[in-house]
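# Understanding the architecture of this molecule
Read off the chains here:
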Amino acid sequence: MWMIVSLTPGHTCVRVCNTNDHRGLSADLIAQHIIPHILNGPLYKVKEIQTSVKKEFHVDVTYKKAWYARRRAIDIVYGDWPTSISQLPTYVDELQLSNPGTVVVWDHHPLSTVSQTIFDYIFWAFAPAIQAFRHLKPVICVDGTFLKGPYRGKLLVAIGFDACNHLFPLAFALVDEENNRSWSWFMRLLRIHVCRDVQNVCVISDRHHGIIHAMRCLEEWKEPLGVHRFCLVHIRSNFTQKFRNERLKSLMWGAGKANQTRKYEDYMSVIFSISPEAYAWLTGGSVRPEQWALCKDGGYRWGHATTNMAECFNNLLRESRFLPITALIRYTFNQTVDLFVKNHKMAWDQVYHLPLYGWEKYVANEQKGRAHSVQVFDHRRGIYCITTAYRQAHIGGHAQTVDIGNRTCTCGKWRELRFPCSHAIAAYFRSGLNPMSLVGPEYTFEAYQATYESPFNPLRDPKYWPVAELKLSLLTDRLKQKAPGPLKTSRIRNEMDRKCPDAPRRCTNCLQPGHTAPNCPFSGYFYK
């Protein structure tokens, strides 16, 4: 027997566990529920899945179960990796048949036999993009990013720039890892099939040893065919790891972005006064000035200091990184088609004399140029001295020399961008000529229209696709073993993600320095 001795009218304790998860609501059932969302795109956030399940079934599900449900739904809609690999040759044959000129190159695994072909690498570039390269700036940003599905692979991309300074996807490749072999293979095919005989192509990248090895050793990229330059953001990150000083970081960035040698030397002299070791690191100890500084570049970069365009395109492809190989190539095809359709309309809607990017830059330079004072030194050779107008805080009053015959200005911008600076426009106004004639052909509507002139053709219904003779299989060790919890789908954050390298690391729970989340004294408390 037992009896109630006392009855507390109200409880003050906090319930530790408050969930209504149901064992009968499996990941397969949730996958069937979210398939309509996955059809619109595989990037359906796990938090959104939990919210949708809560609203539909009135049940709370764990993050792990929701993640596995999304993975299962992706497999149902787009197929798993072994199935996708077997379908890939048929899809590629139809892609090349529908869009003649599209390049697809295979590299089979060394363990392949006559009876069994094992997939290793694949390179693809669409025909309209290949034909458009001659109308782009000869600048290519290359980068690699990891896949987020069960396959251990890396996606390599090459991005160009059109007349409106929009990113332009040139080529893709799927490899196992970023190493000397994979990057050399990709860069060689990029030169053969996309760049072809175009000279002085500037390749901008991070300092990955595979890219450095490819650019240094491949005959296809020896000067004058190509030059290699480093992304200023990545150089700054490497520099910050070595010299953890916020002022040095700011000075190094200013030196890298400076168009004038005078400004570059001013920044470097201050760096030398603070840290001779940092100065030595930037002037040949680890990198050479022409590899990271605009004013020392020789004009190959066309003003592009970073690989931001490649990073942005990787972000656009974040949905495709969940997909198996055939669906991934289809996704890049559809994204490139959408980009062509959008820019083709913009290229033929001529509202201004130049594409929007060039027109806004020209108008801004023209307004500045009208305020400059011009002194003629030699009409025959086209030598002018331009004195900039004074602005607020006593900024201005600098003298720049313009040589119209050689198309140079001591400010460095005309040579670097192939676009007239405000000083060149002021000199042309004084000479009675039209400054619009100074604009490089890569910035004109003719180049913009020619870039997106070649059309894409849609693929036929799969029932009419020819059956490929090539039969591919997949190495099982390339598939990640299922471990407790979801697969890691985000990269490790580093110095490029922190505004100040000197700032202490903070707890992700309470945002205070001095400890980490597992040791947080405020664990269990939540702040808004």
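Cut-offs used in this document
- Residues numbered from 1 in each chain as written.
- Predicted model: local features only at pLDDT ≥ 70, side-chain atom pairs only at ≥ 80, totals over all residues.
- Heavy atoms only, no water.
- UniProt positions renumbered as here; feature names shortened; annotations may be inferred.
- Helix = DSSP H or I, 4+ residues; strand = E, 2+ residues; numbered from the N terminus.
- Buried < 20%, exposed > 50% of the residue type's maximum accessible area, 1.4 Å probe, protein only.
- Contact = heavy atoms within 4.5 Å.
- Pairing = 2+ DSSP bridges.
- Axes fitted to C-alpha atoms, helices over the stretch in contact; angles between N-to-C directions.
- Patch = residues over 30% accessible without salt bridge, like charges linked within 9 Å, V, L, I, M, F, W, Y side chains within 5 Å.
- Areas by Shrake-Rupley, 256 points an atom, 1.4 Å probe, with all protein chains shown as cover.
- Salt bridge = Lys/Arg side-chain N within 4 Å of Asp/Glu carboxyl O.
- Lys, Arg positive; Asp, Glu negative; His and termini not counted.
- Charge placed at Lys NZ, Arg CZ, Asp CG, Glu CD.
- Core = buried A, V, L, I, M, F, W, Y, C linked by side-chain atoms within 4.5 Å.
- Parallel < 35°, antiparallel > 145°, perpendicular 65-115°, else oblique.
- Nonpolar A, V, L, I, M, F, W, Y, C, P; charged D, E, K, R; others polar.

By the naming in an unreviewed UniProt entry, the protein is SWIM-type domain-containing protein, taken from Coffea arabica.

### Describing the UniProt feature "domain: SWIM-type" (unreviewed entry) in the protein
Look at the UniProt record and you will see "domain: SWIM-type" (unreviewed entry) annotated at residues 400–432. Measuring from the first to the last C-alpha atom of residues 400–432 gives 19 Å, for a span that is 45% helix and 18% strand.

### Things to note about the environment of Ile404
Structurally, the position occupied by Ile404 is in the loop between β10 (399–403) and β11 (408–409). Under the relative-accessibility criterion, Ile404 is labelled buried at 15%. Linking Ile404 and Ser431, residues 27 residues apart in sequence, is a C-alpha distance of 10.0 Å. If near-sequence neighbours (up to four positions away) are discounted, Ile404 is found in contact with Gly382, Tyr384, Trp414, Ala427, Tyr428 and Ser431.

### Section: the sheet that holds β10
Reading across from one edge, β8-β9-β10-β11 is the order of the 4 strands in this open sheet, with antiparallel pairing throughout. In the strand order of this sheet, the two ends are held by β8 (373–378) and β11, each with one partner. One ladder, built from 2 bridges, connects β10 with β11; its direction is antiparallel. Across the sheet, residue Asp403 finds its bridge partner in β11, namely Thr408. Relative to strand β9 (residues 383–387), helix α17 (residues 422–431) is tilted by about 120 degrees, and along the sheet it contacts β8, β9, β10 and β11.

### A closer look at the environment of Val376
Considering the arrangement of structural elements, one finds Val376 in strand β8. On a C-alpha basis, the gap between Val376 and Arg430 in space is 8.4 Å, while along the polypeptide they are 54 residues apart. For Val376, the residues in contact, after removing those within four places along its chain, are Ile383, Tyr384 and Arg430.

### With respect to a positive patch on the surface
Taken together, Lys263, Lys368, Arg391 and Lys413 make up a surface patch of like positive charges. Residue position: Lys263 is located in helix α10 (residues 261–274).

### Side note on unusual backbone geometry
Cis geometry is found at the peptide bond from Glu223 to Pro224, where omega equals 10 degrees. For Pro224, the location among the structural elements is in the loop between α7 (209–217) and β7 (226–230). Positive phi is not limited to glycine here, since Arg196 has a value of about 55 degrees. You can see Arg196 is positioned in the loop between α6 (180–195) and β6 (201–205). For Arg196, a relative accessible area of 46% puts it in the partly exposed group. Backbone geometry places Trp302, a non-glycine residue, at a positive phi of 60 degrees. Relative to the elements of secondary structure, Trp302 occurs in the loop between α12 (289–292) and α13 (308–316). A relative accessible area of 7% means that Trp302 is categorised as buried.

### Structural notes on the UniProt feature "domain: CCHC-type" (unreviewed entry) in the protein
UniProt feature "domain: CCHC-type" (unreviewed entry): in the numbering of this structure it lies at residues 505–521. In residues 505–521, helix accounts for 0% and strand for 0%; the two terminal C-alpha atoms are 16 Å from one another.

### Some details on the nonpolar core
As a rule of thumb, nonpolar side chains are buried together in soluble globular proteins. If you look at the biggest cluster of nonpolar residues, it comprises 111 residues, and the most contacted ones within it are Ile122, Phe123, Trp124, Val142, Phe186, Met187 and Leu190. The leading source of residues in this core is helix α14 (residues 325–348), at 9 residues. Not counting residues within four places of it along the chain, the set of residues in contact with Phe186 comprises Phe123, Val142, Leu156, Val157, Ala158, Ala171, Phe172 and Ala173. Counting 23 residues, the second largest nonpolar core, distinct from the first, contains Phe239, Leu282, Leu294 and Cys295.

### A look at the packing of helix α1 (residues 27–40) against helix α2 (residues 46–57)
At a closest axis distance of 11 Å, the pairing of α1 and α2 adopts a crossing angle of 100 degrees. Considered as vectors, α1 and α2 are oriented roughly perpendicular to each other. Each of Ile30, His33 and Ile34 in α1 lies in contact with α2, whose residues at this interface are Ile49, Ser52, Val53, Glu56 and Phe57. Here the residues of the contact of α1 with α2 are counted per class, giving 5 nonpolar, 2 polar and 1 charged.

### Considering the environment of Gln512
Mapped onto the secondary structure, Gln512 falls in the segment after β12 (472–473). The sequence separation of Gln512 and Thr326 amounts to 186 residues, and the corresponding C-alpha distance is 46 Å. Excluding residues within four positions of it along the chain, Gln512 makes contact with Arg506 and Cys507.

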